[in-house]
Amino acid sequence: MLWIKALHIIFVVSWFGGLFYLPRLFVNHAMISDNATSERLKLMERKLYRFMTPLGILALLFGIWLWLGYGYHGTWLNIKLGLVAVLAVYHVYCGHLVKVFAADANQYGHVFYRWFNEVPVLVLFAIVFLVVLKP
């Protein structure tokens with residue numbers, strides 16, 4: 001099970017790299033107006049999303065494997081699973097935003113995306129404290 005736990009952590013860290021960086025691309029994209037930069041950011045957003053999606057799926061699969069291997073213990077796990085669901089929805093919404101930017105249909109300013117970028121940070125803090133402290 002330690003191999004499964006190690007792989008879960010590796011895929012979670014990798015997935016979070018994408019969850020942190022993609023919204024930063026949205027911040028930059030919302031601030032620019034020239035076509036060449038916009039096209040470059042569209043390409044970066046699309047490629048990053050396509051890269052981070054399998055990482056997120058693998059993080060979830062290895063997490064389920066751990067859950068099945070160790071069993072179900074405590075209220076903290078209910079809360080953690082709820083937060084993981086929030087991250088999955090956040091990830092899917094990021095995919096929607098990639099399509100919105102690709103269609104040049106963004107309606108939000110860079111300030112919105114700066115706040116949007118903080119969601120995975122807050123969720124990460126909560127999950128780490130839940131897993132370590134198991135309140």
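Before going into details, it helps to say that this report is about the structure given with it. Just so we're clear, the structure is a prediction, and the values are computed from it rather than from any experiment.

### A few points about the packing of aromatic side chains
To describe a pair of aromatic rings, one takes the distance between the centres and the angle between the planes.
Then, number 1: Per the stated rule, a full pass over the model turns up 15 aromatic pairs.
Then, number 2: Centre to centre, the rings of Tyr-108 and Tyr-113 are 6.1 Å apart; their planes meet at 85°, and the pair counts as edge-to-face.
Then, number 3: Judged by relative accessible area, which is 39%, Tyr-108 ranks as partly exposed.
Then, number 4: Centroid distance Phe-112 to Tyr-113: 5.0 Å. Interplanar angle 80°. Geometry classified as edge-to-face.
Then, number 5: Exposure remark for Tyr-113: the relative accessible area of 0% places this residue in the buried category.
Then, number 6: Taken together, the aromatic side chains of Phe-26, Tyr-90, Tyr-93, Phe-101, Tyr-108, Phe-112, Tyr-113 and Phe-116 make up a single cluster linked through ring pairs.
Then, number 7: We note Lys-134 situated over the ring of Trp-76; from NZ or CZ to the ring centre the distance is 4.9 Å.

### Digging into helix 3 (residues 75–102)
Side chains of residues three or four places apart in an α-helix project in the same direction, reflecting 3.6 residues per turn.
Then, number 1: Here helix 3 spans 41 Å end to end across 28 residues, near enough to the 40 Å set by a 1.5 Å rise per residue.
Then, number 2: Remark: Asp-104 follows helix 3 within two positions and exhibits a positive phi of approximately 55°.

### Observations concerning the packing of helix 1 (residues 2–31) against helix 2 (residues 35–70)
Each pair of packed helices can be described by the angle between their axes along with the distance between the axes.
Then, number 1: Viewed as axis vectors pointing N to C, helix 1 and helix 2 meet at an angle of 155°, and their least axial separation amounts to 7 Å. The pairing of helix 1 with helix 2 is recorded here as roughly antiparallel in orientation. When you trace helix 1 past helix 2, the crossing you get is left-handed.
Then, number 2: A class-by-class count of the residues in the contact of helix 1 with helix 2 yields 22 nonpolar, 8 polar and 3 charged.

### Structural notes on the nonpolar core
Then, number 1: Counting residues in each nonpolar core, the largest one holds 32 residues, and the members touching the most others are Leu-22 and Phe-26.
Then, number 2: At the level of elements, helix 1, helix 2, helix 3, helix 4 (110–116) and helix 5 (119–133) are the ones that each hand at least two residues to this core.
Then, number 3: Broken down by element, the residue count for this core peaks at 10 residues, all from helix 3.
Then, number 4: Every residue in contact with Leu-22, bar those within four places of it in the chain, is listed here: Glu-45, Leu-48, Tyr-49, Met-52, Cys-94 and Val-98.

### Some thoughts on the pattern of salt bridges
Then, number 1: Applying the stated rule across the entire model yields 2 salt bridges.
Then, number 2: Across the pair Glu-39 and Lys-42 runs a salt bridge whose closest N-O atoms are separated by 3.0 Å. Of this pair, Glu-39 and Lys-42 both sit in helix 2, 3 residues apart, roughly one helical turn.
Then, number 3: Since its relative accessible area comes to 11%, Lys-42 is described here as buried.
Then, number 4: Of the charged contacts, one joins Lys-42 and Asp-104 as a salt bridge, the two residues approaching to 2.9 Å between their closest N and O atoms. Of this pair, Lys-42 sits in helix 2 while Asp-104 is found in the loop between helix 3 and helix 4, placing the two residues 62 residues apart along the sequence.
Then, number 5: Under the relative-accessibility criterion, Asp-104 is labelled exposed at 56%.

About the cut-offs
Residues numbered from 1 in each chain as written. Predicted model: local features only at pLDDT ≥ 70, side-chain atom pairs only at ≥ 80, totals over all residues. Heavy atoms only, no water. Phe/Tyr/Trp six-rings, centres within 6.5 Å; stacked < 30°, edge-to-face > 60°. Buried < 20%, exposed > 50% of the residue type's maximum accessible area, 1.4 Å probe, protein only. Lys NZ or Arg CZ within 6 Å of the ring centre and 35° of its normal. Helix = DSSP H or I, 4+ residues; strand = E, 2+ residues; numbered from the N terminus. Expected span 1.5 Å × (residues − 1). Axes fitted to C-alpha atoms, helices over the stretch in contact; angles between N-to-C directions. Parallel < 35°, antiparallel > 145°, perpendicular 65-115°, else oblique. Left-handed = near helix turned anticlockwise from the far one by under 90°. Nonpolar A, V, L, I, M, F, W, Y, C, P; charged D, E, K, R; others polar. Core = buried A, V, L, I, M, F, W, Y, C linked by side-chain atoms within 4.5 Å. Contact = heavy atoms within 4.5 Å. Salt bridge = Lys/Arg side-chain N within 4 Å of Asp/Glu carboxyl O.

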